[in-house]
8 protein chains.
Amino acid sequence: MDQHRLKSLLEQVREGSVGIDDALAQMRHMPFEDLGFAKVDHHRAIRHGMPEVIFGKGKSPEHVLGIASRVLEQSGNLLATRTEPAAAELVKQKFPEAEYFPLSGVLRVWRDRSMHGKGTIAVVCAGTSDIPVAEEAQLTAEIMGNQVEAISDIGVAGIHRLMANRERLAQARVAVVCAGMEGALPSAVGGLVGCPVIAVPTSIGYGASFHGLAALLGMLNSCSSNVTVVNIDNGFGGGYVASLINRL
Amino acid sequence: MDQHRLKSLLEQVREGSVGIDDALAQMRHMPFEDLGFAKVDHHRAIRHGMPEVIFGKGKSPEHVLGIASRVLEQSGNLLATRTEPAAAELVKQKFPEAEYFPLSGVLRVWRDRSMHGKGTIAVVCAGTSDIPVAEEAQLTAEIMGNQVEAISDIGVAGIHRLMANRERLAQARVAVVCAGMEGALPSAVGGLVGCPVIAVPTSIGYGASFHGLAALLGMLNSCSSNVTVVNIDNGFGGGYVASLINRL
Amino acid sequence: MDQHRLKSLLEQVREGSVGIDDALAQMRHMPFEDLGFAKVDHHRAIRHGMPEVIFGKGKSPEHVLGIASRVLEQSGNLLATRTEPAAAELVKQKFPEAEYFPLSGVLRVWRDRSMHGKGTIAVVCAGTSDIPVAEEAQLTAEIMGNQVEAISDIGVAGIHRLMANRERLAQARVAVVCAGMEGALPSAVGGLVGCPVIAVPTSIGYGASFHGLAALLGMLNSCSSNVTVVNIDNGFGGGYVASLINRL
Amino acid sequence: MDQHRLKSLLEQVREGSVGIDDALAQMRHMPFEDLGFAKVDHHRAIRHGMPEVIFGKGKSPEHVLGIASRVLEQSGNLLATRTEPAAAELVKQKFPEAEYFPLSGVLRVWRDRSMHGKGTIAVVCAGTSDIPVAEEAQLTAEIMGNQVEAISDIGVAGIHRLMANRERLAQARVAVVCAGMEGALPSAVGGLVGCPVIAVPTSIGYGASFHGLAALLGMLNSCSSNVTVVNIDNGFGGGYVASLINRL
Amino acid sequence: MDQHRLKSLLEQVREGSVGIDDALAQMRHMPFEDLGFAKVDHHRAIRHGMPEVIFGKGKSPEHVLGIASRVLEQSGNLLATRTEPAAAELVKQKFPEAEYFPLSGVLRVWRDRSMHGKGTIAVVCAGTSDIPVAEEAQLTAEIMGNQVEAISDIGVAGIHRLMANRERLAQARVAVVCAGMEGALPSAVGGLVGCPVIAVPTSIGYGASFHGLAALLGMLNSCSSNVTVVNIDNGFGGGYVASLINRL
Amino acid sequence: MDQHRLKSLLEQVREGSVGIDDALAQMRHMPFEDLGFAKVDHHRAIRHGMPEVIFGKGKSPEHVLGIASRVLEQSGNLLATRTEPAAAELVKQKFPEAEYFPLSGVLRVWRDRSMHGKGTIAVVCAGTSDIPVAEEAQLTAEIMGNQVEAISDIGVAGIHRLMANRERLAQARVAVVCAGMEGALPSAVGGLVGCPVIAVPTSIGYGASFHGLAALLGMLNSCSSNVTVVNIDNGFGGGYVASLINRL
Amino acid sequence: MDQHRLKSLLEQVREGSVGIDDALAQMRHMPFEDLGFAKVDHHRAIRHGMPEVIFGKGKSPEHVLGIASRVLEQSGNLLATRTEPAAAELVKQKFPEAEYFPLSGVLRVWRDRSMHGKGTIAVVCAGTSDIPVAEEAQLTAEIMGNQVEAISDIGVAGIHRLMANRERLAQARVAVVCAGMEGALPSAVGGLVGCPVIAVPTSIGYGASFHGLAALLGMLNSCSSNVTVVNIDNGFGGGYVASLINRL
Amino acid sequence: MDQHRLKSLLEQVREGSVGIDDALAQMRHMPFEDLGFAKVDHHRAIRHGMPEVIFGKGKSPEHVLGIASRVLEQSGNLLATRTEPAAAELVKQKFPEAEYFPLSGVLRVWRDRSMHGKGTIAVVCAGTSDIPVAEEAQLTAEIMGNQVEAISDIGVAGIHRLMANRERLAQARVAVVCAGMEGALPSAVGGLVGCPVIAVPTSIGYGASFHGLAALLGMLNSCSSNVTVVNIDNGFGGGYVASLINRL
């Protein structure tokens with residue numbers, strides 16, 4: 001799948017230094033390893049500039065540790081989302097520099113702190129209850145090498161708060177905006193700034209928020225054309241795409 | 001059911017001027033008439049200060065005319081919503097002063113133009129596509145005796161437009177805010193003004209607006225506490241409740 | 001954002017008593033403070049006549065106490081909804097006059113008991129299971145300075161119960177009606193009275209109530225034109241808007 | 001499947017008057033005929049006291065005529081619902097006594113008018129727009145041999161109208177109640193009467209009625225325990241079950 | 001509301017033995033008592049032949065005991081559904097003859113065991129997981145004075161089981177059929193018998209049953225015309241309506 | 001992608017008869033052609049034993065003809081589903097042996113009638129309104145070389161009809177069962193036979209069928225373990241998978 | 001219902017060795033036993049080649065043991081899904097060879113290990129979180145006598161992983177593909193292989209997966225025509241149908 | 001709102017060259033004009049580098065022409081989406097260089113063809129039915145000054161097609177991927193490339209696509225972390241955001 005490697009392989013075939021069956025086998029030998037219970041994709045680091053991210057939910061502490069160890073053998077950094085405290089504890093025993101953020105459940109080993117982003121990423125949230133999701137976005141963006149400007153509690157019901165932060169928003173190269181309830185903040189931010197806005201609906205709200213559905217639909221129907229949307233509570237996704245954009 | 005009429009009826013029973021069976025019959029004889037196909041509720045004019053409103057959709061032109069005639073015999077004004085042009089034509093033949101508004105399908109006879117509202121009602125809409133719903137709200141509020149301030153096309157994606165209309169909004173005693181798509185305008189207006197805001201979701205929008213569901217959920221989850229919601233595209237309901245409030 | 005303050009600021013600029021950069025800074029210096037984790041909006045008291053309300057769910061007891069302390073420094077009253085007992089306990093330790101209502105989770109400090117409402121607000125609920133939501137509405141309306149008439153357990157399946165309370169309902173200037181299951185009570189109340197009715201769907205019911213969706217849809221489709229709706233279980237919202245209306 | 005017929009068949013087997021293969025074949029020879037495109041179930045007349053009912057929607061006029069002819073060969077009466085005018089026209093050419101009701105699309109041949117019901121069936125509707133569905137219920141109940149008391153336009157927003165019809169309702173042995181919008185009428189009727197109430201949600205209403213979903217959910221969540229529900233706009237089903245009950 | 005009592009009251013007014021204000025007060029004095037937290041409706045026993053039923057969910061044990069005591073003062077029997085064990089314990093301490101059924105959460109005092117039903121009610125369930133709902137239906141039907149024939153575990157995937165119970169089903173005057181998953185049993189039973197079938201969807205099933213929604217929709221769309229539907233898991237409602245029908 | 005072709009290509013590279021860049025190009029030269037507006041996948045015929053099927057909906061007659069021509073150049077047979085009459089007409093002008101089935105909108109050129117299936121496929125439908133979907137399944141299965149046994153109008157409400165067809169069903173190697181409304185027929189058939197059952201929900205039904213959603217959910221929740229489900233109205237998919245299974 | 005047994009019974013009737021009432025009774029005496037709380041269907045083993053499977057959820061440990069004992073008296077094997085550890089413990093005490101798989105909750109007694117499948121069944125899952133569902137499918141397929149090839153963690157976001165397993169997939173006679181989130185893996189696998197693919201949506205995912213709804217809809221709308229779908233998390237169903245197909 | 005303009009305004013106030021009321025008025029005089037029926041936002045061109053886009057649906061041809069004329073007075077280019085042919089005709093009469101694309105309904109005046117994007121935008125679609133949406137994306141991206149690489153008909157069911165286009169995809173700086181049905185293509189593309197992917201669900205599909213809901217949910221749940229989503233059929237939004245990103 002790697003065009004250059006394939007070409008050189010074909011050359012080896014021509015030269016006879018590699019047999020045909022070996023060539024076939026190598027062509028099938030993809031750059032990922034098989035741990036038995038999960039295939040760690042080291043190749044992704046090349047494509048996206050980010051090692052395999054561990055989605056911790058529903059994985060046993062031992063599984064998390066196993067994957068984490070393998071990732072850290074090949075990469076300086078580790079990001080695990082939705083991790084249970086028990087798994088975090090186990091990883092921290094082996095990797096003491098690991099940080100655990102209980103609000104968002106993020107577990108992070110951040111050794112390689114080189115910067116890849118060309119500007120600032122604004123990570124904004126509408127209310128204090130949205131902070132866990134925004135934190136996941138911020139930690140993701142940071143470990144991917146970005147300067148983050150965090151702005152919280154500026155929902156549309158108090159437009160003057162939003163206006164007061166206008167300048168900070170205007171300086172961002174891309175914005176991640178987390179909001180629950182009616183999810184209107186991305187539209188408002190999107191109307192103020194010229195950069196791309198990644199909207200992250202959160203599951204915060206009274207009954208008819210339907211666990212984030214109201215915010216999700218609101219954001220998808222945003223009348224600001226610079227808004228795109230990721231999954232409910234998916235702070236990681238928001239931080240990830242913002243990092244890709246900021247790297248351009 | 002009318003406390004006073006009931007009391008006087010009981011007095012007549014005591015005095016013997018009304019027999020018991022007659023009394024029973026009268027007590028059951030409610031203040032509405034039976035047209036056969038629809039019961040026109042003249043009593044409502046007393047309770048809500050508004051004659052029976054005709055919901056024109058799915059009624060034949062003859063039905064509309066029949067009810068309209070009966071209403072106009074007892075009341076100076078007539079309001080029919082969602083009326084087909086054919087029904088409007090038929091009513092205008094008999095009542096030439098009737099006005100028909102094809103955008104919203106409102107048919108109106110507005111003879112009695114006395115004012116009942118104590119302040120101004122702001123009728124706001126987010127985009128030009130929401131105008132038919134806003135028009136229904138405005139025409140309803142006007143026939144119920146209110147001064148209406150109509151403000152259109154000030155969606156949240158252009159917050160400066162909203163800000164430019166802030167003063168006009170601030171002078172309203174109650175606001176009706178119509179919006180489709182993500183339905184965020186009521187929240188933003190609600191954050192700017194101190195008065196009650198009636199939010200009317202409209203069915204305008206791209207695919208995931210789901211015919212107004214996104215706007216509806218957005219408004220129900222508004223983080224502005226002064227917002228209440230009526231049905232999708234129900235401009236009439238918005239204008240009606242605003243009128244009741246403005247009368248207080 | 002305050003027209004008068006802005007005008008006087010411009011005058012100071014003209015007089016030279018305030019420099020341009022200071023003016024720009026002041027214009028951006030909105031009337032809210034930054035606590036780091038949440039921006040308390042004291043300005044709202046001026047706009048809506050009500051200090052910032054704390055939505056307690058998902059906030060740590062320390063957060064709740066922090067915001068509560070700040071609010072009470074500037075305002076005589078405090079209202080916190082959906083508060084956990086632990087947070088309530090912490091606040092009561094510092095502010096012994098705080099009351100906690102475990103059914104609804106409302107935490108209230110009610111020092112300033114001046115009346116602002118011009119009439120009575122009826123707070124009605126359909127069944128005993130709806131009482132927590134109705135209580136939230138009642139406590140909100142009271143702290144906002146209103147006389148409340150609480151009427152419970154008069155669902156439409158026993159219309160005679162509703163009829164027996166007709167007179168009490170008729171005396172209200174605005175009604176908040178809480179109901180789960182099919183949510184039909186607001187329509188019935190709305191047909192009896194001439195005042196605005198704020199309908200609050202509750203999440204009470206058997207399976208196909210879908211956590212309040214049935215009641216919500218029922219209320220949005222009310223055939224009584226004086227009914228508007230707030231979010232599921234949002235007793236606070238119902239009490240809030242009723243207070244705004246009763247103040248007119 | 002017919003216990004007696006089966007017993008006598010076994011007796012014939014024992015006596016040798018019927019061979020085993022013939023017996024097997026007869027046991028499989030059910031009392032329905034095969035028209036090729038549809039199996040007309042004459043047996044149903046015995047079980048439910050009603051010949052096969054034709055659901056006309058999506059059937060070509062020729063299909064409708066074909067089934068109708070076969071039904072009328074064996075039964076005095078015919079009921080076809082949701083019939084297109086073209087199909088009705090075709091059937092009327094062959095069976096001039098056929099009646100067509102364009103509002104509901106019911107096509108009826110009513111030769112055998114013997115009474116089977118022991119009391120009166122009340123067929124009630126909330127608004128004039130619900131009349132097509134109520135008509136389908138009424139025509140079904142009539143052809144199944146019942147006395148029908150039709151009451152229209154008594155929605156809950158005008159409770160006094162409902163109260164005025166209380167006596168008529170109280171005399172019914174079973175009630176079919178059709179309502180759109182919030183679908184609250186069955187609950188209210190159910191609270192007034194002691195008999196079973198069949199609720200028929202209709203697809204009438206503004207946006208958030210979602211084509212009858214709001215009414216359907218409302219009725220399923222009725223707080224009146226004597227209410228059961230059939231499909232949206234299924235007047236036929238309402239009339240059918242009411243007839244079965246009235247026959248007991 | 002009681003025609004005779006009202007007539008005699010009017011006679012007393014005529015005779016002067018009751019004053020007008022007293023009459024008005026009495027007319028408003030409905031046959032229910034006010035316990036403060038819940039209005040017990042003794043009048044319902046007259047209308048539906050069943051005392052007030054207590055919906056135990058979300059009520060404190062003390063509330064349940066309070067209402068239960070009041071009901072048992074005026075009626076021989078008590079039915080409480082969805083009762084927590086703690087509430088059941090408390091009631092059993094005061095009323096030792098009370099029975100508690102932990103599977104369904106029904107609490108029952110069954111002193112008056114007179115029969116009111118004219119035939120047998122079949123209470124059928126599709127799988128063993130549906131038994132709690134079927135039990136609620138059975139206990140309701142029994143306390144309302146009916147002979148119940150309980151048939152369990154005859155889902156449509158094993159049609160021969162259903163066929164084997166055909167005769168028992170055929171002898172019922174009305175059937176209550178409880179089923180989760182795809183909810184097809186009521187259709188199948190409805191096709192076998194000629195009597196009314198009350199379908200009760202249960203919340204049992206794998207993921208896409210969506211807590212009973214699949215069964216509910218299946219039953220509403222039943223191609224057997226003798227099927228009506230009640231709320232998800234509402235065994236009580238099924239038993240209640242079946243009792244009303246069996247009494248005819 | 002073709003293992004053998006790849007191996008032989010590598011051999012040619014080794015032998016030098018193919019250059020490396022040519023090899024790379026060939027490896028990327030997939031067995032599909034580019035028509036500009038649509039890529040016809042002739043390779044699929046090898047994998048699935050079926051040429052590219054044209055989904056006619058929303059394609060212009062010219063597009064359909066263009067793709068059809070290309071398909072018929074390489075394959076004896078053609079299957080186009082959901083074709084408009086105009087497109088069918090155009091194709092028939094060029095390929096007179098094409099058959100058009102207006103009920104289902106299937107357009108078929110069936111030159112190669114060799115048999116691939118090892119047994120019979122039963123294509124069953126519940127009611128006459130489901131015939132268009134069943135027809136699409138049948139025509140698909142036939143062109144893929146199968147013997148089809150079509151059985152119609154045997155819904156669960158008349159179980160004896162189903163029972164009467166039991167033997168025919170039992171002889172099938174795989175069954176495709178199409179049903180709308182509550183979609184219970186696949187469960188019932190699945191309980192009778194031991195072979196795999198492909199359930200096809202149809203969009204036929206009254207209001208709460210929600211365009212096939214009720215049937216779809218019913219089938220997904222089937223208590224018969226041999227049932228799998230395809231998309232609503234997707235007769236093609238049902239016939240396709242049945243053919244694959246029958247070929248084993 | 002067993003054609004041969006029925007024929008021989010009729011012969012006995014003819015010969016007089018069985019009386020008519022006995023014959024009727026036997027014909028009704030289906031091949032299932034009545035345990036009181038659940039009818040164990042031994043007959044199913046004949047039809048589907050698989051003894052009754054116990055759905056453990058919501059059943060008490062004693063119930064599970066009771067049914068398990070009865071099954072094991074007549075069959076060598078036992079499969080119980082969604083079993084609680086307590087029930088598993090109880091069964092293992094009586095049947096020590098029982099295996100319990102805590103991830104999936106499967107309880108299995110696998111004495112009869114004869115092979116019935118003619119090829120290999122591939123059981124594939126997209127991510128490690130889908131393993132419990134895939135395990136249920138695998139254990140089911142194994143106990144039904146199949147060779148299983150388990151392939152995990154090859155989601156579409158890493159297409160090279162999928163490609164690397166292409167050969168293993170191509171050798172399967174039928175594939176079961178389990179995936180949560182967007183559920184795209186069955187489409188991708190279906191495009192690679194020519195055999196039938198049973199798609200099993202899992203409830204794994206962030207917010208807008210809505211407990212498997214997203215995956216379910218994705219699979220139903222698969223553009224690969226060889227894909228059919230079972231219920232969310234229904235690994236058992238997937239393994240079951242795959243076994244039926246592999247047996248052909 | 002423009003920081004610099006505001007500063008210079010304040011300076012004018014200090015200098016006395018602008019009076020205070022004039023300053024207030026100017027501050028409120030936003031850079032948009034009021035056409036009466038719609039406010040054209042010329043300011044947006046500065047913020048987003050794109051003039052006001054006209055959403056043509058539901059606007060009369062005259063409205064479209066009016067707005068278009070105003071836009072073209074101040075900007076060289078015009079983009080109108082979802083335009084009816086009649087409106088396009090009217091605009092073309094006045095602006096002959098206007099192009100109309102009937103498939104997507106886009107109306108475009110493209111005078112200023114300067115390039116703003118720094119790389120190529122790939123606009124990909126899964127099937128030929130998705131072309132109208134992809135066209136809207138492409139035309140938007142082009143008028144915003146981008147090089148577009150359009151790739152169509154490479155759905156996941158034919159992964160080899162996707163693989164064959166891998167290189168073209170890899171060269172894009174950002175990709176817009178349009179897909180209906182299960183919407184899996186963005187995940188697959190996202191797994192192949194390292195750049196941001198904007199997913200556009202389309203409303204194309206069989207029944208259970210629910211007008212694009214299945215594709216929308218699929219994309220939101222994408223397991224490729226570089227995917228964000230816009231509204232159903234919102235090709236414009238996809239092209240717009242891609243343009244903003246490509247400009248960075």
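Parameters and conventions
- Residues numbered from 1 in each chain as written.
- Chains lettered and ligands numbered in written order.
- Predicted model: local features only at pLDDT ≥ 70, side-chain atom pairs only at ≥ 80, totals over all residues.
- Heavy atoms only, no water.
- Helix = DSSP H or I, 4+ residues; strand = E, 2+ residues; numbered from the N terminus.
- Buried < 20%, exposed > 50% of the residue type's maximum accessible area, 1.4 Å probe, protein only.
- Areas by Shrake-Rupley, 256 points an atom, 1.4 Å probe, with all protein chains shown as cover.
- Pairing = 2+ DSSP bridges.
- Contact = heavy atoms within 4.5 Å.
- Axes fitted to C-alpha atoms, helices over the stretch in contact; angles between N-to-C directions.
- Buried area = accessible area lost by both parts, 1.4 Å probe.
- Salt bridge = Lys/Arg side-chain N within 4 Å of Asp/Glu carboxyl O.
- Nonpolar A, V, L, I, M, F, W, Y, C, P; charged D, E, K, R; others polar.
- Least-squares fit on C-alpha atoms with pLDDT ≥ 70 in both.
- Left-handed = near helix turned anticlockwise from the far one by under 90°.
- Phe/Tyr/Trp six-rings, centres within 6.5 Å; stacked < 30°, edge-to-face > 60°.
- Lys NZ or Arg CZ within 6 Å of the ring centre and 35° of its normal.
- pLDDT = per-residue confidence, 0-100.
- Disulfide = S-S within 2.5 Å.
- Polar contact = N/O pair within 3.5 Å; in protein donor to acceptor, adjacent residues only side chain to side chain.

Q: Describe the overall build of chain A, with residues and values.
A: Each helix and strand in chain A was counted, giving 11 helices and 11 strands. For chain A, buried positions account for 67% of its 248 residues. Roughly 8,200 Å² of accessible area belongs to chain A as shown, and the carbon and sulfur atoms make up 51% of that amount.

Q: Residues and numbers for the sheet that holds strand β5 (residues 99-101) of chain C, please.
A: Within a beta sheet, neighbouring strands are joined by backbone hydrogen bonds and run either parallel or antiparallel to one another. Residues and elements named next belong to chain C. In spatial order, the strands read β3-β4-β6-β5; together these 4 strands make up an open sheet with mixed pairing. Where the open sheet ends on each side, the last strands, each with one partner, are β3 (54-55) and β5. Each of β3, β4 (77-81) and β6 (106-110) touches helix α4 (residues 61-74); the most contacted strand, β4, lies at about 155 degrees to it.

Q: With reference to specific residues and values, describe helix α9 (residues 185-192) of chain A.
A: Where burial is concerned, most of α9(A) is hidden: 8 out of the 8 residues are buried. Residues of α9(A) that are buried: A:Leu185, A:Pro186, A:Ser187, A:Ala188, A:Val189, A:Gly190, A:Gly191 and A:Leu192.

Q: So, the interface of chain F and chain G: which residues are in play, and what are the values?
A: Between chain F and chain G, the residue contacts involve 34 residues of the former and 33 residues of the latter. With both sides pooled, the region where chain F packs onto chain G buries about 2,800 Å², and carbon together with sulfur makes up 60% of that total. The largest contributions to the chain F side of the interface with chain G come from F:Leu220, F:Ser225 and F:Leu248, which together make up 21% of the buried area. Connecting chain F to chain G are 0 salt bridges. Top element by residues in the side of chain F that touches chain G is helix α11 (residues 235-247) of chain F. It accounts for 6 residues. Its residues assigned to classes, the side of chain F that touches chain G shows 18 nonpolar, 11 polar and 5 charged.

Q: Please set out the relation of the copies chain F and chain G residue by residue, giving values where relevant.
A: Overlay of chain F on chain G (RMSD 0.1 Å): rotation 180 degrees, translation along the axis 0.0 Å. The relationship between the two copies is best expressed as a two-fold rotation axis. Ranked by how close their C-alpha atoms come to the rotation axis, the residues of chain F are headed by F:Val229, at 2.5 Å. Both copies contact each other with a shared surface, as 97% of the interface residues of chain F are interface residues in chain G too.

Q: Requested: an account of the pattern of salt bridges, with residues and values cited.
A: Counted by the stated rule, this structure contains 40 salt bridges over all chains. In this structure, F:Glu99 and F:Arg108 form a salt bridge, with 3.3 Å as the shortest nitrogen-oxygen distance. A residue is classified by how much of its surface remains accessible, and F:Arg108, at 3% relative accessible area, is buried. Between F:Glu142 and F:Arg108 there is a salt bridge whose closest N-O contact spans 3.0 Å. Of this pair, F:Glu142 sits in helix α6 (residues 131-143) while F:Arg108 sits in strand β6 (residues 106-110); the two residues are 34 residues apart in sequence, bridging distant segments of the chain. The exposure classification of F:Glu142 matches that of F:Arg108, with both residues buried. When salt bridges with common partners are traced through the structure, they connect A:Glu99, A:Arg108 and A:Glu142 into a single cluster.

Q: Any chance you could break down the packing of helix α6 (residues 131-143) of chain G against helix α11 (residues 235-247) of chain G for me, citing the residues and the numbers?
A: All names here are of chain G. Across the interface, α6 lies against α11 with an axial gap of 7 Å and an inter-helix angle of 35 degrees. Read as a crossing pair, α6 and α11 show a hand that is right-handed. Where α6 abuts α11, its residues Val133, Glu136, Ala137, Thr140 and Ala141 lie against Gly235, Phe236, Gly239, Tyr240 and Ser243. When its residues are assigned to classes, the contact of α6 with α11 shows 5 nonpolar, 4 polar and 1 charged.

Q: Would you mind going over the packing of aromatic side chains in detail, with residue names and values included?
A: Taken as a whole and judged by the stated rule, the model has 8 aromatic pairs over all chains. The ring of E:Trp110 has E:Arg113 lying over it, and the distance from NZ or CZ to the ring centre is 3.8 Å.

Q: Explain the sheet that holds strand β5 (residues 99-101) of chain E to me, and be specific about the residues and the numbers.
A: Residue and element names in this part refer to chain E. With mixed pairing, 4 strands are arranged side by side in an open sheet as β3-β4-β6-β5. At either margin of the open sheet sits one strand with a lone partner, and together these are β3 (54-55) and β5. Packed on one face of the sheet, helix α5 (residues 85-94) meets β4 (77-81), β5 and β6 (106-110) and runs near 170 degrees to β5. Where helix α6 (residues 131-143) meets the sheet, its contacts fall on β4, β5 and β6, and the angle it forms with β6 comes to roughly 15 degrees.

Q: Let's hear about the confidence of the model for chain A: which residues, and what values?
A: Confidence in the prediction of chain A, expressed as mean pLDDT, is 84, and 86% of residues score 70 or more. Overall, residues 42-47 of chain A carries pLDDT values under 50, and its contacts beyond four positions in sequence, including any with other chains, amount to 21 contacts.

Q: For the pairing of strand β9 (residues 174-179) of chain D, give the residues involved together with the corresponding values.
A: Within β9(D), 6 of the 6 residues are buried, leaving the element largely enclosed by the surrounding structure. By the alternation rule, side chains of β9(D) split into D:Val174, D:Val176 and D:Cys178 and D:Ala175, D:Val177 and D:Ala179, which are all buried.

Q: Got a sec to walk through the pairing of strand β10 (residues 197-201) of chain F? Specific residues and values, please.
A: Residue and element names in this part refer to chain F. Extensive coverage of β10 is indicated by the burial of 5 of its 5 residues. The side-chain alternation of β10 yields two buried faces, one formed by Val197, Ala199 and Pro201 and the other by Ile198 and Val200. With 5 bridges connecting them, strand β9 (residues 174-179) and β10 associate as parallel partners. Across the sheet, the residue bridging to Cys178 is Val200, located in β10. As defined by bridge partners, β10 adjoins strand β11 (residues 227-229) across 3 bridges and the pair is classed as parallel. Note that in β11 the partner of Val197 across the bridge is Val227.

Q: Requested: an account of the state of the cysteines, with residues and values cited.
A: This model, assessed by the stated rule, comprises 0 disulfides over all chains. Cysteine A:Cys178 is unpaired, with the sulfur of A:Cys125 as its nearest cysteine sulfur at 6.5 Å. Since its relative accessible area comes to 0%, A:Cys178 is described here as buried. Looking at A:Cys223, it has no disulfide partner, and the nearest cysteine sulfur is the one in B:Cys125, 12 Å off.

Q: Can you tell me about the side chain of G:Lys59, naming the residues and giving the values?
A: Within the secondary structure, G:Lys59 is located in the loop between β3 (54-55) and α4 (61-74). Of note is the side chain of G:Lys59, whose polar atom sits 3.5 Å from the side chain of E:Thr128.

Q: Quick rundown of the environment of F:Gly237? Include the residues and the values.
A: Examined against the element boundaries, F:Gly237 turns out to sit in helix α11. Taking relative accessible area as the criterion, F:Gly237 reaches 4% and is therefore assigned buried. Sequence separation between F:Gly237 and F:Gly212 is 25 residues, and the spatial gap between their C-alpha atoms is 16 Å. Ignoring anything within four residues of it in the chain, the contact list for F:Gly237 reads F:Val230 and G:Ser225.

Q: Could you give me a rundown of unusual backbone geometry, with the residues and numbers involved?
A: Negative phi values dominate among residues other than glycine, just as trans dominates among peptide bonds. Even without a glycine there, the phi angle at A:His211 is positive, about 60 degrees. Its relative accessible area of 64% is what places A:His211 among the exposed residues.

Q: Which residues make up the side chain of H:Ser69, and what values go with them?
A: Residue and element names in this part refer to chain H. Relative to the assigned elements, Ser69 resides in helix α4 (residues 61-74). Residue classification places Ser69 among the buried positions, given a relative accessible area of 10%. Of the polar contacts made by the side chain of Ser69, one reaches the side chain of Lys94; its length is 3.1 Å. Apart from residues lying up to four places away in sequence, Ser69 is in contact with Lys94 and Phe95.

Q: I'd like to hear about the environment of B:Gln147, residue by residue, with values.
A: Residue and element names in this part refer to chain B. Considering the arrangement of structural elements, one finds Gln147 in strand β8 (residues 147-152). On the basis of relative accessibility, which here comes to 48%, the residue Gln147 falls in the partly exposed class. Between the alpha carbons of Gln147 and Asn246 there is a distance of 9.7 Å; along the sequence they are 99 residues apart. Contact partners of Gln147, with chain neighbours within four places excluded, come to Met115, Gly119, Thr120 and Ile121.

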